[in-house]
Structures are given as structure tokens and as C-alpha cells.
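# Summary of the model geometry
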Amino acid sequence: MIDPAFVGAAEAAADLAGGIIRPLFRSALLVEAKGDASPVTEADRAAERALRAFLSERFPTHGIMGEEYGTERGDAEYLWVLDPIDGTRAFLTGRPLFGTLIGLLHRGEPVLGLIDQPVTRERWLGVAGQGTTFRSPLGGTIGPRACESLSVAELSCTSPDMFPAGEAERFRKVRNAARRVTWGGDCYSYGLIPLGLLDAVVETTLKPWDWAALVPVVEGAGGRMTDWRGQTLTLESRGDVIAVGDPALLPEIARLLG
């Protein structure tokens, strides 16, 4: 049973980050390049600083891992995993296909996850042992689509450029077997799986802050989220990810990727 205080804090933290991010959306931002060449803005940094301060004050014994400022108390029983703007390129180019990710691990297992789109005001919340919830002024209800074969599946991936040479060939087999492929979306695509609008997402090179919040959201709606071998995601995982709304899809995708 997840402490309701953890859930309330995650929601309040998302509200806090949204208040920082919204005014900067589609504004002139100073952008610099990180070591991995992904763009970083002051919105990323300011939101993560606020999230860290808020959660540290609420839960001083908990650990925090974030994309911008690293890990504090990484061996704590509870570890918050933060990505203030997942989909920075979408944010920078004025597309609302990004989100704030707030995840909570208990002894390494994702037990709480929140995807918040601060511009469209959509929010997905997954809590271990409970069903995923969704709030949006745009409509949509939780209910993954029955889909037992890739031949009828809507597949998504942020970019074909994320795959190294060997993995690109393995992904091509999945892409060719799917009914249709949609590019772009980052964390937003994972939120569309519980709504029954996408059936699967296959990606690689993800970091813990990219996937930790997504697992409870996808699995709380009845889906599955694993690595390419169908194994549970952990902090030691390589970053290759399969997410499906219908668990019946998982063996076929894992076989093609294998």
C-alpha cells in the first residue's frame, strides 16, 4: 500500500513544475548543448531545482535522482526519479508533446508514476495496486485496446535516429511487422497506450528518469513495460524498452527484437 502522502506530494510537485514551465513555453529561451548534445533550457533546470527542494523538504530521508542534477541519497529505501521536461526538443519547438515525469521507486521497484503535460493540462497517475487515472480537458478515458498481433498494432517511437546500428536492424523487424508507425512523442506516447490510442512503443537509450514514471502508468492500466528481452526494468537495465497496452503483444515484439 502506497502512502497517500506520497501520491499527494507527486501531484503537488507536478503543479509546482507546471507553474514554472508553462510561462516559458513558446518563449525565447537561451539554449545550450549538454555533453550528449540534447538541448537544455532554464526551464529544465528551474523546474528540477524546485522539485528537488519540495520533495527533500517533505521527505528528507528519501533519495532523489534527476536528469539535470544527478543523484542524492541513491541508496535510500525510496528514490524519487525526476525528468522535469521529457521531450525537450518538442518543448523548444513549440509542440506540446513533452511532459514532466515524476516517479518513485521502492527498493528499486517503480511504485508510483506521474506524467503531466503542463500546457494541455493532461495528467496520468499510476500507483502500485491501483488502476491508472487520467485527467484531461481534451477527453480520453483509460482503456487499452485489445491487440494480440503487431499486424494490427499502432506502434510509436520518438525517433528512428535513437537506435545504434545493430539495434536499428532489430527494430526494423518490429516496424515492418506493425500496421503503422508514428514518430515523435517522447513520454506523451506512453500516456496514449492506456487510452487505447497507441498499442506499443519500442525505444532504446532511455535513462531511469525517462522510464521510471512510465511503468506504473502503463501497467496500472493493464499493460506491460519491460526491456527488449521481456525482463523487468531496473536501475541496471540497458535502456531498451517495450511498452504495450495488451500484454499479448509482448512475446511477439520481444522475439523480433531478440
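You'll find the structure just up there.
Here we summarise the structure given alongside this text. Since we're looking at a predicted model, the values are computed, not measured.

### Considerations on the packing of aromatic side chains
Remark: the centre distance and the inter-plane angle together describe each pair of aromatic rings, the angle taken between the planes. Per the stated rule, a full pass over the model turns up 11 aromatic pairs. With a centroid separation of 5.6 Å and an interplanar angle of 45 degrees, the aromatic rings of Phe25 and Phe98 are classed as tilted. One end of the pair, Phe25, is in the loop between α1 (4–21) and β1 (32–33); the other, Phe98, is in the loop between α3 (88–92) and β6 (99–106), with 73 residues separating them in the sequence. As far as burial versus exposure is concerned, Phe25 and Phe98 are alike and both buried. Ring pairing ties together the aromatic residues Phe6, Phe59, Tyr78 and Trp80, which thus form one cluster.

### Considering the side chain of Asp246
Structurally, Asp246 is set in the loop between β14 (241–244) and α8 (250–257). For Asp246, which is buried and forms no salt bridge, the nearest opposite charge comes from Arg145, at a distance of 8.5 Å. Separated by 2.8 Å, the side chain of Asp246 and the backbone nitrogen of Cys147 make a polar contact.

### Observations regarding the nonpolar core
Among soluble globular proteins, nonpolar side chains are generally buried collectively. Ranked by internal contacts, the top residues of the largest apolar core, which has 30 residues, are Phe6, Leu55, Trp80, Ile102 and Leu112. Every element with two or more residues in this core is listed here: α1, α2 (42–58), β5 (78–86), β6, β7 (109–117) and β8 (122–127). Discounting residues that sit within four places of it in the chain, Trp80 has contacts with Phe6, Ala10, Leu55, Phe59, His62, Gly63, Ile64, Met65, Ile102, Gly103 and Leu104. Counting 29 residues, the second largest nonpolar core, distinct from the first, contains Leu79, Val217, Val241 and Ala243.

### Observations regarding the layout of surface pockets
By volume, the second largest pocket amounts to about 240 Å³. For the lining of the second largest pocket, the secondary structure elements donating two or more residues are β7, α7 (214–220) and β13 (224–226). Across the lining of the second largest pocket, the residue classes break down as seven nonpolar, five polar and three charged.

### Some details on the sheet that holds strand β10 (residues 154–157)
An order of β11-β10-β12-β14-β13 is seen for the five strands of this open sheet, with the pairing classed as mixed. Edge positions in the sheet fall to β11 (180–183) and β13, since each has one partner strand and no second. Going across the sheet, the axis of each strand differs from the next one's by a mean of 15 degrees, ignoring polarity. As defined by bridge partners, β10 adjoins β11 across four bridges and the pair is classed as parallel. Bridge pairing in β11 places Cys157 opposite Trp183. In this fold helix α4 (residues 165–177) packs onto β10, β11 and β12 (200–203), with an angle of close to 150 degrees to the strand it touches most, β10. Of the strands in this sheet, β12, β13 and β14 are in contact with α8, which crosses β14 at around 155 degrees.

Conventions used here
Residues numbered from 1 in each chain as written. Predicted model: local features only at pLDDT ≥ 70, side-chain atom pairs only at ≥ 80, totals over all residues. Heavy atoms only, no water. Phe/Tyr/Trp six-rings, centres within 6.5 Å; stacked < 30°, edge-to-face > 60°. Helix = DSSP H or I, 4+ residues; strand = E, 2+ residues; numbered from the N terminus. Buried < 20%, exposed > 50% of the residue type's maximum accessible area, 1.4 Å probe, protein only. Lys, Arg positive; Asp, Glu negative; His and termini not counted. Salt bridge = Lys/Arg side-chain N within 4 Å of Asp/Glu carboxyl O. Polar contact = N/O pair within 3.5 Å; in protein donor to acceptor, adjacent residues only side chain to side chain. Core = buried A, V, L, I, M, F, W, Y, C linked by side-chain atoms within 4.5 Å. Contact = heavy atoms within 4.5 Å. 1 Å grid on protein atoms, 1.4 Å probe; cavity = no way out; pocket = protein on both sides within 12 Å on 5 of 7 lines; lining within 4 Å. Points joined across faces, edges and corners; volume = space filled by probe spheres on them. Nonpolar A, V, L, I, M, F, W, Y, C, P; charged D, E, K, R; others polar. Pairing = 2+ DSSP bridges. Axes fitted to C-alpha atoms, helices over the stretch in contact; angles between N-to-C directions.

The values are spatial; any link to function lies outside them.
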